[in-house]
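Listed below, chain by chain, are the residues.
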Amino acid sequence: MSLTRDGFSKKVIASWASFDFANSSFSGIIVTFVYPIYFGEVIVTNGRGDFYWGIAMSLSMLLVALISPALGAMADLTGSKKRFLIAFTAISILGTFGMYFLQPGMVLVGMLLFIIANAGFEGGLVFYDAFLPEITSKETYGRVSGYGFAFGYVGSLAILILSQPLLSHTPALVRETFLMTAIFFLLFSIPAFLWLPEQRKKRTMPILAIIRRGFSENLRTVQVIRQHKNVARFLLAFFVYNDAILTVIGFSGRYAKNTLHFTTPELIYFFMMVQIVAVIGSLLFGHLTDRKGARVTILITLGIWIGVVVGAYFSDTAATFWVVGAFAGMGIGSSQSASRSYMAQLTPPEHRAEFFGFYDGFCGKASAVIGPLVYGLLSDLFGQRPAIVSLALFFIVGFILVKGLDRKAGIVEKVVRALP
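How each quantity is defined
- Residues numbered from 1 in each chain as written.
- Predicted model: local features only at pLDDT ≥ 70, side-chain atom pairs only at ≥ 80, totals over all residues.
- Heavy atoms only, no water.
- 1 Å grid on protein atoms, 1.4 Å probe; cavity = no way out; pocket = protein on both sides within 12 Å on 5 of 7 lines; lining within 4 Å.
- Points joined across faces, edges and corners; volume = space filled by probe spheres on them.
- Nonpolar A, V, L, I, M, F, W, Y, C, P; charged D, E, K, R; others polar.
- Helix = DSSP H or I, 4+ residues; strand = E, 2+ residues; numbered from the N terminus.
- Polar contact = N/O pair within 3.5 Å; in protein donor to acceptor, adjacent residues only side chain to side chain.
- Contact = heavy atoms within 4.5 Å.
- Patch = residues over 30% accessible without salt bridge, like charges linked within 9 Å, V, L, I, M, F, W, Y side chains within 5 Å.
- Areas by Shrake-Rupley, 256 points an atom, 1.4 Å probe, with all protein chains shown as cover.
- Salt bridge = Lys/Arg side-chain N within 4 Å of Asp/Glu carboxyl O.
- Buried < 20%, exposed > 50% of the residue type's maximum accessible area, 1.4 Å probe, protein only.
- Expected span 1.5 Å × (residues − 1).
- Core = buried A, V, L, I, M, F, W, Y, C linked by side-chain atoms within 4.5 Å.

This next bit is on empty space enclosed by the protein. The full count for this structure, using the stated rule, is one cavity of 30 Å³ or more. Here the largest cavity defines a volume of roughly 770 Å³. If you trace the largest cavity, you find 45 residues lining it, with Ser 27, Tyr 153, Ile 249, Ile 332 and Gln 336 closest to the centre. In terms of residue class, the lining of the largest cavity is made up of 25 nonpolar, 14 polar and six charged.

Put into structure tokens, the structure is as follows:
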């Protein structure tokens, strides 16, 4: 089955996936691995790294949650998804560059730079995801979405390999990885900026009027979603389980370092393994999504996630945590890829950026306000093991909600859209 349609070539799909390759350098170094540990051990000097890191993560997601739905509607009205993608990417890159200049004790500045950089990263994903229905057919959403996540984890692996010579030395050399990440992010984003197609629309109203229209459209989106129970239930499920996924991503490096006492070389090889497994998982589950449906794929991956957080709680050795990490790698890209594919199936073509703005902006980002705060507070009060196992509740609730979805939800939505 062809992956392309409407004259778009495989180069377009490759350029779209290249952005995942680029931005995953930020996810790997700044969100997951290097910066959380650097912030908690070098910048924070009072031993409360998890608490401050949880606040920084939550505030960055709250910022994006407040603006993303309106920005998605604005992109629909102006045909400016690519311009918004470029702008948010630039914000993320500049914030990452600024992290190089941090010194011990600069906790508030370190938090602010992360909030800015992560808001740029997450905000850009709203517009990146909205391109998916425009570059391939509905029948291959799962496969192409899986390719994007697979490219992303190759990007994470690449930046880890490039950074390895710097990570076993002094903090002065470790922070060089922030410069490297900013440059990597910029260079490999260029193909998407050049070749992603977009039908530009002439702006017929002032920018403030467009912003007001964006918020108005978002309120209308909520009203439309309420009329379709399967869509509303899926978005609620995604809200819950994505919260836990993002929390695991943000705290896994600190958990391995502080609870299981991984050395820096062990952490490097551990995260390399996770990225490799994530590539395989994204490709395998992408095909599974096209063959069996996104609902089945999501249920399988949520079952994996429940096992991951319970396994992390009981892990007492590095060897057992490697096994847990392998399953986490299998679940990371595949669960999010299947979710993106399912959302693409339900999204009307004329509201792609608007619906993805609500999906990514509110459900994707606002959900991540809760998890990091819960984890950071529990870790501060009781330790990291109770904090990690508490995330099982999020995955169980998400599983129950997805299990109750109508298996023919996509068909129902298609019929509804065809009605006059």
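Attention now goes to the side chain of Ser 189. With respect to the helices, strands and loops of the structure, Ser 189 is situated in helix α9 (residues 176–195). A distance of 2.6 Å separates a polar side-chain atom of Ser 189 from the backbone oxygen of Phe 185. Excluding its chain neighbours within four sequence positions, the residues that come into contact with Ser 189 are Phe 19, Ala 22 and Thr 89.

On the surface, Ile 183, Leu 187, Phe 188, Ile 190, Leu 194 and Trp 195 cluster together to form a nonpolar patch covering roughly 590 Å² of accessible area. Following the sequence through the fold, Ile 190 ends up in helix α9. The exposure class of Ile 190 is partly exposed, given its relative accessible area of 37%.

Right, let's get into helix α11 (residues 229–258). For α11, which comprises 30 residues, the first-to-last C-alpha distance of 43 Å matches the rise-based estimate of 44 Å (1.5 Å per residue) to within 8%. Counting buried positions over the 30 residues of α11 gives 24, a clear majority of the element.

Most often, soluble globular proteins have nonpolar side chains that are buried together. Of all hydrophobic cores here, the largest spans 124 residues; its most connected members are Phe 33, Tyr 35, Met 99, Phe 114, Phe 234, Leu 235 and Tyr 241. The element that contributes the greatest number of residues to this core is α11, accounting for 16 residues. When residues no more than four places from it in sequence are discounted, the contact partners of Phe 114 are Ile 30, Val 31, Tyr 35, Trp 53, Ala 56, Met 57, Ser 60, Met 99 and Ala 119.

It is worth stressing that arrangement in space is one thing and function is another; only the former is reported here.
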